[in-house]
Amino acid sequence: MHAPALWHSRRFRAALIQTAFAATLVLVVAFATLTAQRNLSEMGLTSGFAFLWKSTGWEMNFTLLPTDSTSPYWWFLLMGLMNTLFMGAIGLTGATALGLAVGLMRSGRNPAARLLGTIYIEIFRNIPLIVQLFFWYALANALPPPREAITFGGALISSRGIYLPTLALSQGATAAVVLALVAGTALALWFALSRRFRRLEQPARRRLTLAPLLLALLAAALIVVTGHAPGTPWLSNPVAEGLRINGGLRLQPEVYTLAIAITTFGAAYVGEIVRGGFKAVGRGQTEAAQALGLSPWQQFSRIRMPLAFRAMLPILINQYVWLIKATTLGIAVGFSEFFMVIASSINHSGQTLEFIAILMGGFLAINLTLAAVLNRLNRAIALKGHQTGGAA
Amino acid sequence: MTVLPRQRPLRRLRRAYFGSVWSAALTLFSLAVIGGIGWWLLDWAFLQATFDPNGTRETCALNEGACWSVIAARWRVILFGIYPFEEQWRPALACIVVAVVIFLSCLPAMWSFRRLSAVWTLGTALFYILMRGGVFGLTFVNEQQWGGLPLTLFIFVATGIIGMPMAIALALMRRSELPVISKLSGLFIDTVRSLPLLSILFTFAIVLPFVLPGFLIGEKLYRVVVGAALFFAVYQAEIIRGGFQGVPRGQEEAAKALGLTYGQRMFRVILPQAFRLALPATINQFVIAFMETTLVVVVGFVELLSAGNTAYTTGEWKFAYAEVLVFVAAIYFVFVFGLSRYGAYLEARMSAGQSRD
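Note that the structure is predicted; figures quoted are calculated from it, not measured.

K.L.:
Just checking my understanding: could you explain the overall build of chain A for this structure?
P.N.:
Scanning chain A from terminus to terminus reveals 13 helices and eight strands. The globule rule puts the C-alpha radius of gyration for 392 residues at 21 Å, and the 27 Å found for chain A is more than 25% above it. Out of the 392 residues belonging to chain A, those deemed buried represent 42%. Partitioning the intrachain contacts of chain A with sequence separation of at least 6 by distance along the chain shows that 65% fall at a separation of at least 24. Total accessible area on chain A stands at roughly 21,300 Å², and carbon and sulfur atoms take up 68% of it. For chain A, the separation between the mean place of its 30 positive charges and that of its 12 negative charges on side chains is 19 Å.

The structure is reproduced here in structure tokens:
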């Protein structure tokens, strides 16, 4: 007698369905784990993360810090992660700058510029990124061999890469210089923009902003002077010697083609987002700015741009996350970013499940951090109070 | 409002293109870029190009421009990959079937659940029989020999067919009133969304065999398609969720008051309206899914892009990489541009009655 009454209870049914759902999930996961363990132990592999401290025995073709085949797996993973962030930083910056230009051309009044923007967007947005990447890569490989390298200023352009003149420093010292400059700029930006320091007087705040910049420059200069071997020239120029080119800073084809592909493809999407942002600015806002007698530049920089930026930021966040994920295409041309390091590590070590877990964790961490930072920015700049009309 | 004097057309043109110094500079810059690159492309692709279908490396070297002979010589490899040569009418026909299915589903007259599923099921079955054979006197062709454009289309269509029901299920689960179900599916959706598609394809192609019991492993192609469908589904689920939010609350309450069951409420009342609202974003998602079929190159499939790569990396045609890649890119462009124009048209058509300006 009680059973049907219980079955007709809404809360009982809800609890039953949810328990069944959760139990099924747990069962599936447990079964998959057991199967995996059996399969892996048949292949003679032990699970666990001890392998992270073993040396890899293979080489990465591009790293920001010195790495060789005796480095352990955790160091390779770290370098891969840095490569992903490095490529992401270049790609996001480039795509934003170029996309802003294209989007402004598309939303301006000049018909010739609008046409150019439209052609750009339609071409780059409608061809898959990896097709474009293969095109740039094939183009880079079709450049003349090192012996017949093209000289352009002090740079040498060849199929092995583009060689630029650079300071004569070790890889580690160069990285330290860049790190110092980036950290200094970031700190200065934080001091200049964060609300936390709003209470400070203007001169004090300016001093606080300049201090990290100067410190960073000083540190960089110090590293350059101490890192430089005495009695050798300060600059390292690329020189063609027989079949290879020595000296200079080598930009590998894998690196710059991926950067070009992500920048140009991303710019087409960012351009459309920028155009949408300007379209969302209410007509009344522009007209009010005109009525107040602001100059065209003031109208743009004080009224339309800030409003458009607020409208586009949420969509830009999604696009940035997408672009970071697109760096995984590096595996198609051999740029050793995080995913490629994971794929090669699985091939060499066989620790499949552990590496997949690291892969997921890595990308979750990158994308959640990026989204959290940008969402915070989004909240910080959101207009307070009630909004009406087209700009809302 | 003041009445402006009518401007003569020439003056209007001058104002638009050379209204100020900046505008004039921008005009000159834009026209120079368009004209320069346009002329260079025209020169390369047509004026100085070799169109001789029997051309070779030597005859092409006589001209400065593109060597389209490579397409004449290798088009069957590019379009059909390593599919058996004598049987290649089958993939050609299969491609036409898919094109017809896509065209039919773009017609508003077909937009009912029953008609769409009928067309897609029939089209897929026909495609599958043509490609795989083994029945009706067609010789059997293993999935590993599929390649080129039909493989691209197969991955695209299968992604949609498997992904769409998954997306609906995920969207309904995330919207569920039962906290365990909505939290878990939300967590799942957000996790998969933050992973790159490549890593998912890689996991499904190479890692999954370790985790699954033997009878579930199946052909690599199907595993990869399921991976792509899963990725499509998590994005599409969020799009449908956006559609749900646009459906007025009263609709569901009215349906409840009428005594409709959960299934009737969802499939007869809420989902049709949500889909209508989410249509532009859905088409955009299909466009993205089509472009992302190219990623299977990385797990070793010879779809259109990869088949194009093999067409120029072998021996004599090595110099003609640009021609082959332009040809492949043009095929993708036609599909993607067509689909996205169609999406823009639908968006304009649907917002015609509700414009705010």
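Now that the structure has been shown, we can carry on.
K.L.:
Could you clarify how one ought to interpret the pattern of salt bridges in this entry?
P.N.:
Residues and elements named next belong to chain A. Applying the stated criterion across every chain yields a total of 10 salt bridges over all chains. For R106, the salt bridge is made with E272, and the minimal N-O distance between the two is 2.8 Å. Of this pair, R106 sits in helix α3 (residues 73-107) while E272 sits in helix α8 (residues 253-279), and the two are 166 residues apart along the sequence. Residues R106 and E272 agree in their burial class; the two are buried. Residues participating in the shared-partner salt-bridge network are R106, R125, E272 and R275.

K.L.:
Mind showing me how you'd approach the nonpolar core here?
P.N.:
Buried together is how nonpolar side chains tend to be arranged in soluble globular proteins. One finds W146(B) and L305(B) to be the most contacted residues of the largest nonpolar core, which totals 161 residues. The element best represented in this core is helix α7 (residues 148-174) of chain B, accounting for 14 residues. When near neighbours in sequence (up to four residues on either side) are disregarded, L305(B) contacts I130(A), V131(A), F134(A), T294(B), V297(B), L325(B), V328(B) and Y332(B).

K.L.:
So what exactly am I meant to see when it comes to a positive patch on the surface here?
P.N.:
A cluster of basic residues, R109(A), R8(B), R11(B), R14(B) and R15(B), forms a positive patch on the protein surface. Residue position: R14(B) is located in helix α1 (residues 9-18).

K.L.:
I'm lost on the interface of chain B and chain A in this one. Help?
P.N.:
A common way to report how large an interface is uses the accessible area buried once the components associate. Taken together, the contacts link 52 residues of chain B with 54 residues of chain A. For the pair chain B and chain A, the summed buried surface comes to about 4,500 Å²; carbon and sulfur atoms form 78% of the total. Salt-bridge contacts for E122(A) lead to R341(B); the nearest nitrogen and oxygen are separated by 3.5 Å. Remark: the boundary between chain B and chain A carries seven residue pairs in polar contact (both at pLDDT 80 or more). Take the side of chain B that touches chain A: its biggest share by element is 10 residues, from helix α15 (residues 321-350) of chain B. Partitioning the side of chain B that touches chain A into residue classes produces 39 nonpolar, 10 polar and three charged.

K.L.:
Just checking my understanding: could you explain the confidence of the model for chain A for this structure?
P.N.:
Any region with low pLDDT has predicted coordinates that should not be read closely. Residues and elements named next belong to chain A. Residues with a pLDDT of 70 or more make up 96% of chain A, whose mean pLDDT is 83. Here helix α1 (residues 2-7) stands out as the element of chain A with the lowest mean pLDDT, 62, in contrast to α8, whose mean of 92 is the highest. This model gives residues 386-392 a pLDDT under 50, and the stretch forms six contacts once residues within four places in sequence are excluded.

K.L.:
Can you help me understand α8(A) in this one?
P.N.:
Residues that lie three or four places apart on an α-helix share one face, since the helix turns once every 3.6 residues. All names here are of chain A. Given a rise of 1.5 Å per residue, 27 residues ought to cover 39 Å, and the 39 Å separating the end C-alpha atoms of α8 matches this to within 8%. Maximal helix bending in α8 amounts to about 25°, located at A267. Most of α8 sits out of view: 23 of its 27 residues are buried.

K.L.:
Explanation requested: empty space enclosed by the protein in the structure shown.
P.N.:
One simple way to see leftover space: roll a probe sized like a water molecule over the atoms. All names here are of chain B. For the structure shown, the criterion picks out two cavities of 30 Å³ or more. For the largest cavity, the calculated volume is near 100 Å³. Lining the largest cavity are I155, T159, L197, L201, A228, F231, F232, Q285, A289, E292, T293 and V296. Residue assignment for the lining of the largest cavity shows that the elements contributing at least two residues are α7, α9 (197-211), α11 (220-246) and α13 (262-292). Roughly 80 Å³ of volume is contained in the second largest cavity. Lining the second largest cavity we find V98, V101, W120, G123, T124, F127, L153, F154 and V157.

K.L.:
Would you take a moment to explain the packing of aromatic side chains for this structure?
P.N.:
Note on aromatic pairs: each is described by the distance of the centres and the angle between the planes. Per the stated rule, a full pass over the model turns up 27 aromatic pairs over all chains. With centroids separated by 5.7 Å and ring planes inclined at 35°, the aromatic side chains of W297(A) and F300(A) adopt a geometry described as tilted. Of this pair, W297(A) and F300(A) both sit in helix α10 (residues 296-326), three residues apart, which is roughly one turn of the helix. Classification of W297(A) as exposed rests on a relative accessible area of 61%. Above the face of the F244(B) ring, R175(B) is positioned so that its terminal group lies 4.7 Å from the ring centre.

K.L.:
Help me understand the side chain of N126(A) in this model?
P.N.:
All names here are of chain A. Mapped onto the elements of the fold, N126 is located in the loop between α4 (111-125) and α5 (129-141). Overall, N126 belongs to the buried group, its relative accessible area being 2%. A polar contact of 3.0 Å, which involves the side chain of N126, links it to the side chain of E122.

K.L.:
Whenever I open this one, a nonpolar patch on the surface confuses me. Can you help?
P.N.:
Taken together, the side chains of L181(A), L210(A), L213(A), L214(A) and L217(A) present a nonpolar region at the surface, about 450 Å² in accessible area. Among the elements that make up the nonpolar patch, the one with the highest residue count is helix α7 (residues 202-227) of chain A (four residues).

Cut-off values and rules
Residues numbered from 1 in each chain as written. Chains lettered and ligands numbered in written order. Predicted model: local features only at pLDDT ≥ 70, side-chain atom pairs only at ≥ 80, totals over all residues. Heavy atoms only, no water. Helix = DSSP H or I, 4+ residues; strand = E, 2+ residues; numbered from the N terminus. Rg over C-alpha atoms; globule rule 2.2 N^0.38 Å. Buried < 20%, exposed > 50% of the residue type's maximum accessible area, 1.4 Å probe, protein only. Contact = heavy atoms within 4.5 Å. Areas by Shrake-Rupley, 256 points an atom, 1.4 Å probe, with all protein chains shown as cover. Lys, Arg positive; Asp, Glu negative; His and termini not counted. Charge placed at Lys NZ, Arg CZ, Asp CG, Glu CD. Salt bridge = Lys/Arg side-chain N within 4 Å of Asp/Glu carboxyl O. Core = buried A, V, L, I, M, F, W, Y, C linked by side-chain atoms within 4.5 Å. Patch = residues over 30% accessible without salt bridge, like charges linked within 9 Å, V, L, I, M, F, W, Y side chains within 5 Å. Buried area = accessible area lost by both parts, 1.4 Å probe. Polar contact = N/O pair within 3.5 Å; in protein donor to acceptor, adjacent residues only side chain to side chain. Nonpolar A, V, L, I, M, F, W, Y, C, P; charged D, E, K, R; others polar. pLDDT = per-residue confidence, 0-100. Expected span 1.5 Å × (residues − 1). Bend = angle between axes of the 7 residues up to and from the residue. 1 Å grid on protein atoms, 1.4 Å probe; cavity = no way out; pocket = protein on both sides within 12 Å on 5 of 7 lines; lining within 4 Å. Points joined across faces, edges and corners; volume = space filled by probe spheres on them. Phe/Tyr/Trp six-rings, centres within 6.5 Å; stacked < 30°, edge-to-face > 60°. Lys NZ or Arg CZ within 6 Å of the ring centre and 35° of its normal.

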